[in-house]
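Tertiary structure, described
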Amino acid sequence: MSTTPADSVTARAAYEPVIGLEVHVQLLTATKIFCSCSTRFGAPPNSNVCPVCLGMPGALPVLNKKVVEFATLAAMALHCRINETSIFARKNYFYPDLPKGYQISQYDKPLAEHGFIETPSGGGKKRIGITRLHLEEDAGKSLHEGFPDADEKTAIDLNRTGVPLIEIVSEPDIASPDEAYEYLTRLNEIILYTGVSDCNMEEGSLRCDANVSVRPRGQKEFGTKAEIKNVNSFRFIREAVQYEIERQIDVIESGGKVAQETRLYNSNEGKTYSMRSKEQAHDYRYFPEPDLLPLIVDEKWREKIAAELPELPEARRARMVKDYGITEYDAHVLTSPKSLADQFEEAAKAAKNPKRVANLVQSELMGRLKARNIAIEQTPISMRGVAESADLVEAGTISGKMLKDLYDLCFERSQDFPAVYEKEKPQQITDAAAIEKIIDEVIAANPKQLEQYRGGKAQVFGFLVGQLMKETRGKAKADLANEILRELLG
Ligand SMILES: [Zn+2]
């Protein structure tokens, strides 16, 4: 039997995807989690290693206090409950880049549990649960290319072994590829605000695995899930999850069974491929790490860490809407990244009309930065400059058009606004008599249009204003010019 596209749409609608995400985030400590080796990215291979992170017999791990503080801070920002006692456990498996033959992680007693992230969803908000946040060490890296005999040999770089990670496991609350994308975007933003990681996906500081299954809509039990590993952008995660949902529905619809397995996403083809059948959790033979004491984060320490918690994006947006009279949309744009929010607030506080600053930053400043591919940190126009320009428009000293021209000059000359304004000092024509004189000329030069206007064609008014602006090269004060023209036309 052949299926038409319509059949396929109906078939798909009968299924419901269930998605859970596991995110690994590298903490920005200077040294590794259990030794004092540097965590610097890009060091020569195997230069940041010692007996502990090489897994030499008899070498003992010593827990890095800063790692615990960073992980706890992240957990608090994600509304998790911090467990006073958590236990490190050995996760046993063999892999060439894991010299000890086990990874130190946390298992049944993780650092933190029961958190959530709120994501926008259909005009409202949806809360996606976080099952747990635990500490673990990273493994090394197998290199298959980039050296002379790479076609015959695999090289191992152990600089990464022992780099501190947190793993953040979501509840299977995510119901669509778009929700997965939103969840990751929020998570990334919150972690960046706490400053415990740079979340740089290209350097592997943030990695994401997705568990995807489908089930007939309304069914309680989960379908068999596949895990998609190490997808390196949020956009690709969305695509991979979308592909995987459709693949699984196709398997079931054609009478097959979804296999529990690990799959890899090929972003060039937009498809996932089976990598290996999934190990069950008990295959890892977890047991408590005998070389480390239970980790105790007592109330006093928790309070100290909580005091470090910065204002988080959601709260900051709400406050900015209230403080500056801007829209929620403005607040969303202006709080990501955090450095933009800091800069905006600096200008908003200095200017007379914060809403105007919000508009200027979004349309005039960010538009120009984007067109030239410049980061906000490298903007030629400082926030003091934005504030000054906003006040000049506010006071009617310069027009919107003049501001645009001045901003263009700032970018051309890589100079800040006050310097460019001081040099150019464009003058608006604010003298009513002068404007009236030019309007008289414009009217005299366009008798036909005048007739049309008097005959009821109202849009000719705009044409006449345009002619006036052309004559004055945009320097006539717009509201004054409108007023005078209206008067003269009766
Ligand atoms: Zn080391």
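A brief report on the enclosed structure follows. (Residues numbered from 1 in each chain as written. Predicted model: local features only at pLDDT ≥ 70, side-chain atom pairs only at ≥ 80, totals over all residues. Heavy atoms only, no water.)

1. Concerning the packing of aromatic side chains
The tally for this structure, following the rule as stated, stands at nine aromatic pairs. Their ring planes at 75° and their centres at 6.0 Å tell us that Tyr 284 and Tyr 286 sit as a pair that is edge-to-face. Tyr 284 gets classed as buried once you look at its relative accessible area, which sits at 13%. A ring pair is formed by Tyr 324 and Phe 344, whose centres lie 5.5 Å apart and whose planes are at 85°; its orientation type is edge-to-face. Linking Tyr 324 in helix H7 (residues 313-324) with Phe 344 in helix H9 (residues 338-350), this pair joins segments that are 20 residues apart in sequence. Per residue, the accessibility class of Tyr 324 equals that of Phe 344, and both read buried. Note that Lys 91 overlies the ring of Tyr 284, its terminal NZ or CZ placed 4.5 Å from the centroid. Over the ring of Tyr 181 we find Arg 238, and its NZ or CZ is 3.9 Å from the ring centre. (Phe/Tyr/Trp six-rings, centres within 6.5 Å; stacked < 30°, edge-to-face > 60°. Buried < 20%, exposed > 50% of the residue type's maximum accessible area, 1.4 Å probe, protein only. Helix = DSSP H or I, 4+ residues; strand = E, 2+ residues; numbered from the N terminus. Lys NZ or Arg CZ within 6 Å of the ring centre and 35° of its normal.)

2. Topic: the packing of H9 against helix H10 (residues 354-371)
At their nearest, the axes of H9 and H10 sit 9 Å apart, and the two run at 135° to each other. Our classification of the angle between H9 and H10 gives oblique. Every pair of crossing elements has a handedness; the one defined by H9 and H10 is right-handed. Residues Leu 340, Phe 344, Ala 347 and Ala 348 of H9 pack against Pro 354, Val 357, Ala 358, Val 361 and Met 366 of H10. Of the residues that constitute the contact of H9 with H10, the class distribution is nine nonpolar, no polar and no charged. (Axes fitted to C-alpha atoms, helices over the stretch in contact; angles between N-to-C directions. Parallel < 35°, antiparallel > 145°, perpendicular 65-115°, else oblique. Left-handed = near helix turned anticlockwise from the far one by under 90°. Contact = heavy atoms within 4.5 Å. Nonpolar A, V, L, I, M, F, W, Y, C, P; charged D, E, K, R; others polar.)

3. Digging into unusual backbone geometry
In this chain, Ser 336 is followed by Pro 337 through a cis amide linkage whose omega measures 0°. When you line up the elements, Pro 337 lands in the loop between helix H8 (328-334) and H9. With a phi close to 45°, Arg 285 is a non-glycine residue in the positive phi region. Mapping Arg 285 onto the fold places it in the loop between strand E14 (271-277) and strand E15 (287-288). Among the residues examined, Arg 285 registers a relative accessible area of 55% and is labelled exposed.

4. A closer look at helix H12 (residues 400-413)
Under the 1.5 Å per step criterion, the end-to-end length of H12 is 20 Å for 14 residues, consistent within 8% with the ideal 20 Å. Of all the positions in H12, only Met 402, Leu 403, Leu 406, Tyr 407, Leu 409, Cys 410 and Phe 411 are classed as buried. In the core, the buried residues of H12 are packed alongside H10, helix H11 (383-394) and helix H13 (417-424). Following H12 by one or two positions, Ser 414 adopts a phi angle in the positive range, close to 50°. (Expected span 1.5 Å × (residues − 1).)

5. Here we look at the side chain of Asp 97
For Asp 97, the location among the structural elements is in the loop between strand E4 (88-92) and strand E5 (102-106). One buried charged residue, Asp 97, remains without a salt bridge, the closest side chain of opposite sign being Arg 160 at 9.0 Å. Setting aside its immediate chain neighbours within four residues, Asp 97 contacts Ala 139, Gly 140, Lys 141, Ser 142, Ile 156, Leu 158 and Thr 161. (Lys, Arg positive; Asp, Glu negative; His and termini not counted. Salt bridge = Lys/Arg side-chain N within 4 Å of Asp/Glu carboxyl O.)

6. A word on the coordination of the zinc ion
Around the zinc ion, the donor atoms from the protein are Cys 35 (SG), Cys 37 (SG), Cys 50 (SG) and Cys 53 (SG), and they sit 2.3 to 2.4 Å away. Taken in sequence order, the residues that donate to the zinc ion follow the motif C-x1-C-x12-C-x2-C. Separated by 18 residues along the polypeptide, Cys 35 in the loop between strand E1 (15-26) and helix H2 (51-54) and Cys 53 in helix H2 bring together distant segments of the chain. You'll find Cys 35 and Cys 53 in the same group, each marked buried. (Donors = N, O, S within 2.8 Å, 3.2 Å for Na, K, Ca; no water.)

7. What to know about H13
Residues Phe 417, Pro 418, Val 420 and Tyr 421 constitute the buried set of H13. Seen from one end, H13 has its buried residues packed into an arc of 165°, which puts them on one side. The exposed residues of H13 that point more than 90 degrees off its buried face are Glu 422 and Lys 423. Looking at the buried positions of H13, the neighbouring elements they touch are H11 and H12. In the segment just after H13, Lys 425 is the residue with positive phi, at about 40°. (Arc of directions from axis to C-beta.)

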